[in-house]
Amino acid sequence: MAVRTRFAPSPTGYMHIGNLRTALYAYLHARKSKGKFVLRIEDTDQARLVADSVKVIYDSLAVTGLEHDEGPDKGGPVGPYVQSERRPVYKEYADKLLADGHAYRCFCEKEQKPEQPAQEEHEGPILGYDGRCGKLSAGEVEEKLAKGLPYVIRQKIDREGKTVFKDFVYGDIEVDHKQLDDQILLKRDGYPTYNFANVVDDHLMGITHVMRGCEYISSTPKYILLYRAFGWDIPEHIHLPHILNADGRKLSKREGSVALSDFLGKGYLPEAILNYIALLGWNPGTEQEFFTKADLIEKFDIARIGKAPAMFDEVKLAWLNGQHIKALKPEAAHALFLKFYPEKIVKDFDTVKLSGLIQGKVEKPCDIPSMTAFLLALDGNYATELFVNKKNKTTLESCKATLADLQAALSPLAAWNHDSIYPAVSAYAEAKASKIGPVMWPLRIALSGLAVTPTGAIEIAELLGKEESLRRIALAIARL
RNA sequence: GCCCUCUUCGUCUAGCGGUUAGGACGCUGCCCUUUCAAGGCAGAGAUCACGGGUUCGAAUCCCGUAGAGGGCGCCA
């Protein structure tokens, strides 16, 4: 049977990175299997509709290249692909369940807490609905219906026995029916709950592999019971472990970046993000860590999805992003960096050249303003201790002397570019019978006032221009 | 409270009865010497959550315990 996977997000207004990983796995499995990847919008909660949020979903899939084959915007044979447009379908199937005795109408008030048997061992939350309306006689139901009382439709679950289902990742999951309650299938407003809609839609849309977060594991037995009530084949269930933040808590909006747009805004490349999250809960079984999207499609295998939750480590994401940036064509890197250069840098510097110089060095493009700030203005109060470098055996005194000599050597230069500056510096080092390091070190510090710079001393001098370079050298000499 | 699940270096992970427990990020050091960085190499870092079994032999199989995560919504 041809593989069909789906991504079924709710329009919440942003794309959670954990959700994106679910989409990615579903996409990869479909592509790898030459199957179809379906987008379905789960907008059955009328109270939580967020304007324009469907657009966020489209945009997210587009920017990451997770193109769907079928969906609200693309159409397809099993539409509509928006749940709010499928209400008659849910009604039809709910009626079927009603007719077969697998469901019943419940007239209980929304707020009404069912009375629980007063058992003292019951502390804390108690389990769900007590099923009282399931015991209503046909006559009583007719009577309430005649009165026009509002109702919901509940799944009728026999509390005897247990259900076992096989999860592709977690193995056999067994749940005692005592743990289950008569969940609501159709709400009072006529919309289905997730619990009902996902089963009906996944079946009707021919989904072969259901991938979703592992928070649904506990309710899956109820879904299995629905499949059985309808006499439908049960698709493969693939529950995914959660992605956690650094505290070991579920990655949530409140603490830092969780939305795709947050990461995009920092200059992370979509492909690097995909690469990183793919590795959170999946591994290729080889030592490869750098993956393009095409690599992932080729190497992805649902059999290698792990069970343990993974902490999201932005430091490693940044490293991986740096790897992807290095792999970029210079024009592409420049186009990316251009979004992050401060205005004044763009105005005063040759950013094409600058981009080329820093491409191998940038991990997070959002760091570019701070990385390049020294070009615009030198903080004249930088610590002079920076001149002391053990490896190059430089001291404050040696640096002062070197810089004075450099000042003399560079001042007469007519042309100011790499090919004129480097030979002058190099010749000076040679004349002093010194390696170039001890000369480069003080020069770089004098020009930048920084221990670590995005590019080398000669390049910085060239970028700054002759006048500014000499001014900074003079300043350093004065301070030493 | 009840139920489900998870647990290998700080982090992501490999491992599926016999390994010096491997790799990556990060960290430290060395090398390169047209440079700090980058790159290359090396090192530190894991009594495999704990306690019992089974076995000649367990990170790997079984049972308990603990910790963590999740579920128990007219949310998804």
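**Overview of the overall build of chain A**
Part 1 of the argument: Counting its regular elements, chain A contains 19 helices and eleven strands.
Part 2 of the argument: Rg of the C-alpha trace for chain A: 32 Å, well past the compact-globule value of 23 Å for 480 residues, more than 25% over.
Part 3 of the argument: Structurally, chain A occupies a C-alpha span of about 105 × 50 × 40 Å along its principal axes.
Part 4 of the argument: Evaluated residue by residue, chain A yields a buried proportion of 47% over its 480 residues.
Part 5 of the argument: Within chain A, residue pairs in contact and separated by at least 24 positions form 73% of the contacts whose partners lie at least 6 positions apart.
Part 6 of the argument: Carbon together with sulfur atoms contributes 53% to the accessible area of chain A, which is approximately 23200 Å² in total.
Part 7 of the argument: Considering chain A, the positive charge centre built from 62 side chains and the negative charge centre built from 64 side chains are found 3 Å apart.

**Points about the nonpolar core**
Part 1 of the argument: Phe337, Leu375 and Leu410 are the most contacted members of the largest nonpolar core, which totals 48 residues.
Part 2 of the argument: Listing elements by their share of this core, those giving two or more residues are helix 11 (330-338), helix 13 (351-358), helix 14 (368-376), helix 15 (396-410), helix 16 (418-431), helix 17 (437-448), helix 18 (457-464) and helix 19 (466-479).
Part 3 of the argument: The element contributing the most residues to this core is helix 17, with seven residues.
Part 4 of the argument: If near-sequence neighbours (up to four positions away) are discounted, Leu375 is found in contact with Ile345, Phe349, Leu354, Ile460, Leu463, Leu464 and Arg472.
Part 5 of the argument: Core analysis: the second largest hydrophobic core is formed by 45 residues, Tyr27, Ile238, Ile243 and Leu320 among them.

**A closer look at empty space enclosed by the protein**
Part 1 of the argument: Counting across every chain of the model gives one cavity of 30 Å³ or more.
Part 2 of the argument: Roughly 30 Å³ of volume is contained in the largest cavity.
Part 3 of the argument: Every residue along the wall of the largest cavity is listed here: Pro9, Ser10, Thr12, Tyr14, Met15, His16, Asn19 and Ile57.

**Quick word on the pairing of strand 2 (residues 36-39)**
Within a regular beta strand, the side chains point alternately toward one face of the sheet and then the other, so they alternate between its two faces.
Part 1 of the argument: As paired elements, strand 1 (residues 4-7) and strand 2 share four bridges and run parallel to each other. Across the sheet, Phe7 pairs through a bridge with Leu39, a residue of strand 2.
Part 2 of the argument: Regarding topology, helix 1 (residues 17-32) serves as the crossover connection from strand 1 to the parallel strand 2, and that connection is right-handed.

**Concerning the side chain of Arg444**
Part 1 of the argument: Note on placement: Arg444 falls in helix 17.
Part 2 of the argument: It is Glu459 that comes nearest to the buried, bridge-free Arg444 among opposite-charge side chains, at 8.8 Å.
Part 3 of the argument: At 3.0 Å, the side chain of Arg444 forms a polar contact with the side chain of Thr453.
Part 4 of the argument: Once you skip the residues sitting within four places of it in the chain, Arg444 turns out to touch Gly449, Leu450, Ala451, Val452, Thr453, Thr455, Gly456, Ala457 and Ile460.

**Brief notes about the environment of Glu467**
Part 1 of the argument: Among the structural elements, Glu467 can be located in helix 19.
Part 2 of the argument: Its relative accessible area of 71% is what places Glu467 among the exposed residues.
Part 3 of the argument: Here the alpha-carbon distance between Glu467 and Gly248, two residues 219 residues apart in the chain, equals 53 Å.

Conventions used here
- Residues numbered from 1 in each chain as written.
- Chains lettered and ligands numbered in written order.
- Predicted model: local features only at pLDDT ≥ 70, side-chain atom pairs only at ≥ 80, totals over all residues.
- Heavy atoms only, no water.
- Helix = DSSP H or I, 4+ residues; strand = E, 2+ residues; numbered from the N terminus.
- Rg over C-alpha atoms; globule rule 2.2 N^0.38 Å.
- Buried < 20%, exposed > 50% of the residue type's maximum accessible area, 1.4 Å probe, protein only.
- Contact = heavy atoms within 4.5 Å.
- Areas by Shrake-Rupley, 256 points an atom, 1.4 Å probe, with all protein chains shown as cover.
- Lys, Arg positive; Asp, Glu negative; His and termini not counted.
- Charge placed at Lys NZ, Arg CZ, Asp CG, Glu CD.
- Core = buried A, V, L, I, M, F, W, Y, C linked by side-chain atoms within 4.5 Å.
- 1 Å grid on protein atoms, 1.4 Å probe; cavity = no way out; pocket = protein on both sides within 12 Å on 5 of 7 lines; lining within 4 Å.
- Points joined across faces, edges and corners; volume = space filled by probe spheres on them.
- Pairing = 2+ DSSP bridges.
- Right-handed = clockwise from strand over helix to strand, strands pointing away.
- Salt bridge = Lys/Arg side-chain N within 4 Å of Asp/Glu carboxyl O.
- Polar contact = N/O pair within 3.5 Å; in protein donor to acceptor, adjacent residues only side chain to side chain.

Scope: geometric values only; no functional claims are made or implied.
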